[in-house]
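Coordinate analysis (summary)
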Amino acid sequence: MERTCILIKPDAVCKNSTGAILDRLAKVGLELRAAKMMRLGVQQAEDFYGEHKGKPFYDPLIQFMTSAPIVATVWEGVGAIQKARQVMGSTNSSEAAIGSIRRDFGTNNRYNVVHGSDSGTSAEREIRFFFKPEELYVYQENDWKV
């Protein structure tokens, strides 16, 4: 089992696409372990995207990611990172595969509706960034029965 962090970006939240995106991730066999809606502060966004500091897209990315709420999520499943990346599609929405999240909901390279962990190391860091261990839930079939 593997976990991945998926962020639903401000453009998707503002277009009310969050539910459809969550549904697409669930339909590829991933299980939702945590979710929270939040608005990133500038310092949080800079800390999260720190590896990109100094690149031409960094400042516009920080401005975009702090412009409206995001939905941070954790998904679990066999090959979760690869499954999520496949259903998300290429970073540039116009180049993403037909039927992918970014192709169907995104606009371009920046307004591409989702961020997803690109490796196990990134997933661990990103999950810790947004969630405390006790916020990750592994449910059992009988948990929901009354």
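Structural data are supplied above this passage.
Residues numbered from 1 in each chain as written. Predicted model: local features only at pLDDT ≥ 70, side-chain atom pairs only at ≥ 80, totals over all residues. Heavy atoms only, no water.

**Looking at the side chain of Arg 33**
The condition that has to hold: Comment: elements are numbered from the N terminus, with helices defined as DSSP H or I runs of at least four residues and strands as E runs of at least two. Only protein chains enter the accessibility calculation, which uses a 1.4 Å probe. A residue is then buried if its area is under 20% of the maximum for its type, exposed if over 50%, and partly exposed in between. Working rule for contacts: check all heavy atoms of both residues, and any pair within 4.5 Å makes them a contact.
Position of Arg 33 relative to the elements: it lies in strand β2 (residues 31-38). Of the residues examined, Arg 33 reaches a relative accessible area of 5% and is grouped as buried. Those residues in contact with Arg 33, other than ones at most four positions away along the chain, are Arg 3, Val 74, Glu 76, Glu 135, Leu 136, Tyr 137, Val 138 and Tyr 139.

**Considering the nonpolar core**
The line we're drawing: To define a nonpolar core, start from buried Ala, Val, Leu, Ile, Met, Phe, Trp, Tyr and Cys residues and group those joined through side-chain atoms within 4.5 Å.
In this structure, Leu 7, Tyr 49, Met 65, Ile 70, Phe 130 and Phe 131 are the most contacted members of the largest nonpolar core, which totals 20 residues. Elements with a minimum of two residues in this core: β1 (2-8), β2, α3 (42-48), α4 (58-65), β3 (70-77) and α7 (120-130). The element contributing the most residues to this core is α4, with five residues. Those residues in contact with Met 65 that lie beyond four places of it in its chain are Leu 7, Lys 9, Pro 10, Leu 40, Tyr 49 and Ile 70. In this structure, Ala 12, Val 71, Trp 75 and Val 87 belong to the second largest nonpolar core, which totals 17 residues.

**Here's the deal with α4**
This is how the line gets drawn: By definition, the arc is the one covered by directions from the helix axis to the C-beta atoms.
Residues of α4 that are buried: Tyr 58, Leu 61, Ile 62, Phe 64 and Met 65. One side of α4 holds all its buried residues, which, seen down the axis, span an arc of 165°. In α4, the exposed residues that point more than 90 degrees away from the buried face are Asp 59 and Gln 63. Taken together, the buried residues of α4 touch β1, α1 (10-14), α3 and β3.

**Here we look at the sheet that holds β3**
Our working rule: Only when DSSP finds a minimum of two bridges between them are two strands counted as paired. For helices, the fitted axis covers only the stretch in contact; all axes are lines through C-alpha atoms, and the angles between them, taken along N-to-C directions, range from 0 to 180 degrees.
In space, the four strands of this open sheet follow the order β2-β3-β1-β4, with antiparallel pairing throughout. With partners counted over all chains shown, the strands left at the sheet margins are β2 and β4 (114-116), one partner each. In this sheet, adjacent strand axes meet at a mean angle of 20° when their direction is disregarded. Judged from the seven bridges that link them, β2 and β3 form a sheet pairing that is antiparallel. Bridged to Glu 31 within β3 is Glu 76. In the packing of helix α5 (residues 80-88) onto the sheet, the strands contacted are β1, β3 and β4, and the crossing angle to β1 comes to about 30°. Contacts between α7 and the sheet are confined to β1, β2, β3 and β4, with β1 contributing the most and set at about 55° to the helix.

**What about the environment of Phe 64?**
Here Phe 64 lies in helix α4. Assessed through its relative accessible area of 6%, Phe 64 is described here as buried. With 26 residues separating them in the primary sequence, Phe 64 and Met 38 have C-alpha atoms 14 Å apart. Apart from residues lying up to four places away in sequence, Phe 64 is in contact with Lys 9, Pro 10, Asp 11, Arg 110 and Tyr 111.

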